[in-house]
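# Inside the fold
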Amino acid sequence: MRTPRVLPTLDEVGTGDHVCHLLERTDDVFDRSRAFVADGALHGDKVVIVGPAPRAESEFAPLVLDPARLRGSLLSAVRREAATADREGFRSLRVLHHVVPPRADRNGQWLRSELDLEEFAADTGAMVVCAYSGADWDLSALQQISCVHPHHLGSRPVSPAFRVYRTEQEGWTVTGTVDSDGAVAFGTILCTLLAHTPTVRLLCQTLEFFDAAGLSALADAARHLPDRKVVLEGANETVRLAWKLSGFAVPDVPVVMAP
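For the structure given in this document, a descriptive report is provided here.

With 15 residues, helix α1 (residues 29-43) ought to run about 21 Å at 1.5 Å a step, and its terminal C-alpha atoms sit 21 Å apart, in line with that. At alanine 35, α1 is bent by approximately 40°, the largest bend along its length. Among the residues making up α1, those that are buried are Val29, Phe30, Ser33, Phe36, Val37, Asp39 and Gly40. The secondary structure elements touched by the buried residues of α1 are β2 (18-23), β3 (46-50), β5 (93-98) and β6 (127-133). The distance from a side-chain oxygen at the start of α1 to the backbone nitrogen of phenylalanine 30 is 3.1 Å, and the residue carrying that oxygen is aspartate 28. Of the residues one or two after α1, glycine 44 is the one with positive phi, at around 80°.

Spelled out as structure tokens, the structure:
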């Protein structure tokens, strides 16, 4: 079973891991990720780097997929690479995703891409490391980044109040507490999931609590699009009671609290 954890080094990345690697301003993504790439040859994994093409000759150039030149989505590209790796006899696929801020993201494409990669890693066993430079992203974006990666690495400790990550086919685990600090991020994540599937199944056995802001974010996201539904499975008694007492347990809020 996949469980969230903080990694001391990239050497600890394992099958099915989706890692958020936070870099400092002076860090070079290729230098910091060299061991992860080199371990591909050691373990018989195919390596693909997703990011801006190197401006000069580089040992990594043959491995790079430039997002600006991709035909179709990033998910389609890495799935093609995974299928090719399987045909060629590789053990697995390693993806180093050098993430740069999008020029415009009106439709939540960046967050959708991260959720796609999380689903891809969980469902295929691929190893995906997403490298972010903290200097390039604002705090609200970094908060969303940390929430959708079950595994973390970096010089700065990352302890999001909650996480949403893939654990089963058609299911997403929610851990921790969704409070006023994380309510906006949670609502954005849930709306992104609902935009691509009519029913989102949240496994809440390790969810501790929703505060008032978190409950409102859940209700608003569930009502965001027509004919959508959110199913919370295994929520504790406190969460179920708070939902009822807040007045959200009504027919026009398409949220089901299941055992």
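Picking up where we left off.
A separate point is the nonpolar core. Phe186 and Leu202 are the most contacted members of the largest nonpolar core, which has 60 residues in total. At eight residues, helix α5 (residues 183-194) tops the list of elements feeding residues into this core. The residues contacting leucine 202, other than those within four sequence positions of it, are Trp172, Val174, Phe186, Leu190, Val230, Val231, Leu232 and Glu233. If you look at the next biggest cluster of nonpolar residues, it comprises 17 residues, including Val29, Val64, Leu96 and Val129.

With that out of the way, let us pick up the environment of valine 230. Checked against the element boundaries, valine 230 lands in strand β12 (residues 229-233). Through-space distance from the C-alpha of valine 230 to that of leucine 202 is 7.4 Å; in sequence the pair is 28 residues apart. Among residues more than four places away in sequence, those in contact with valine 230 are Leu190, Leu194, Val200, Leu202, Leu218, Ala222, Pro254, Val255 and Val256.

With respect to burial, β2 is a largely interior element, six of its six residues being buried. Neither face of β2 is open: one carries His18, Cys20 and Leu22, the other Val19, His21 and Leu23, and all of them are buried. Of the pairings in the sheet, the one linking β2 to β6 comprises six bridges and is parallel in character. Across the sheet, the residue bridging to cysteine 20 is cysteine 130, located in β6.

Time to look at the layout of surface pockets. By volume, the largest pocket is sized at about 710 Å³. If you go around the largest pocket, you meet 25 residues; those closest to its centre are Pro67, Ala68, His97, Val100 and Pro102. Elements represented by at least two residues in the lining of the largest pocket include exactly α2 (74-87), β5 and α3 (109-124). With six residues, the top contributor of residues to the lining of the largest pocket is α3. When its residues are assigned to classes, the lining of the largest pocket shows twelve nonpolar, seven polar and six charged.

What follows concerns the environment of arginine 112. Inspection of the secondary structure assignment puts arginine 112 in helix α3. The class of arginine 112 is buried, set by a relative accessible area of 12%. Setting aside anything within four residues of it in sequence, one finds arginine 112 in contact with Glu119, Thr192, Leu193 and His196.

Looking at the secondary structure, you find histidine 152 in strand β7 (residues 151-154). Histidine 152 sits in the buried class, given a relative accessible area of 1%.

Take the pairing of strand β13 (residues 255-258) next. Judged from the four bridges that link them, β12 and β13 form a sheet pairing that is parallel. Each bridged residue has a counterpart across the sheet, and for glutamate 233 the counterpart in β13 is alanine 258. Assessed by its sense of winding, the connection that carries the chain from β12 through helix α7 (residues 237-245) to β13 is right-handed.

The rules behind each value
Per chain, residues are indexed from 1 in the order of the written sequence. Given that this is a predicted model, residues contribute local features only at a pLDDT of at least 70 and side-chain atom pairs are listed and counted only at 80 or more, while totals for whole chains, interfaces and linings are drawn from all residues. Side-chain calculation: all heavy atoms of the structure are included, whereas hydrogens and water are not. What counts as a helix is a DSSP run of H or I of at least four residues, what counts as a strand is a run of E of at least two, and both are numbered from the N terminus. Take the number of residues in a helix, subtract one, and multiply by 1.5 Å to get its expected span. The term bend refers to the angle at a residue between two fitted axes, each drawn through seven residues, those ending there and those starting there. Three exposure classes are used, based on accessible area relative to the maximum for each residue type with a 1.4 Å probe and protein chains only: buried under 20%, partly exposed in between, and exposed over 50%. Throughout, a residue-residue contact means that at least one pair of heavy atoms, one from each residue, lies within 4.5 Å. As used in this structure description, the phrase polar contact means that two N or O atoms lie within 3.5 Å; if the pair is within protein, one of them must be able to donate a hydrogen and the other to accept it, and residues adjacent in sequence are counted only when both atoms belong to side chains. Nonpolar cores are built from buried Ala, Val, Leu, Ile, Met, Phe, Trp, Tyr and Cys residues. Side-chain atoms within 4.5 Å join them into one set. When DSSP finds two or more bridges between a pair of strands, those strands are recorded as paired. In this analysis the probe radius is 1.4 Å and the grid spacing 1 Å, with only protein atoms considered; a cavity is a set of points the probe fits into but cannot get out of, a pocket is an open set with protein on both sides within 12 Å along at least five of seven lines, and lining residues have an atom within 4 Å of a point. Grid points are joined across faces, edges and corners, and a volume is the space filled by probe spheres set on the points. In this count, Pro and Cys sit with the nonpolar residues alongside Ala, Val, Leu, Ile, Met, Phe, Trp and Tyr, while Asp, Glu, Lys and Arg are called charged and the others, Gly among them, polar. Orient the strands so they point away from the viewer; a crossover is then right-handed if the path from the first strand over the helix to the second runs clockwise.

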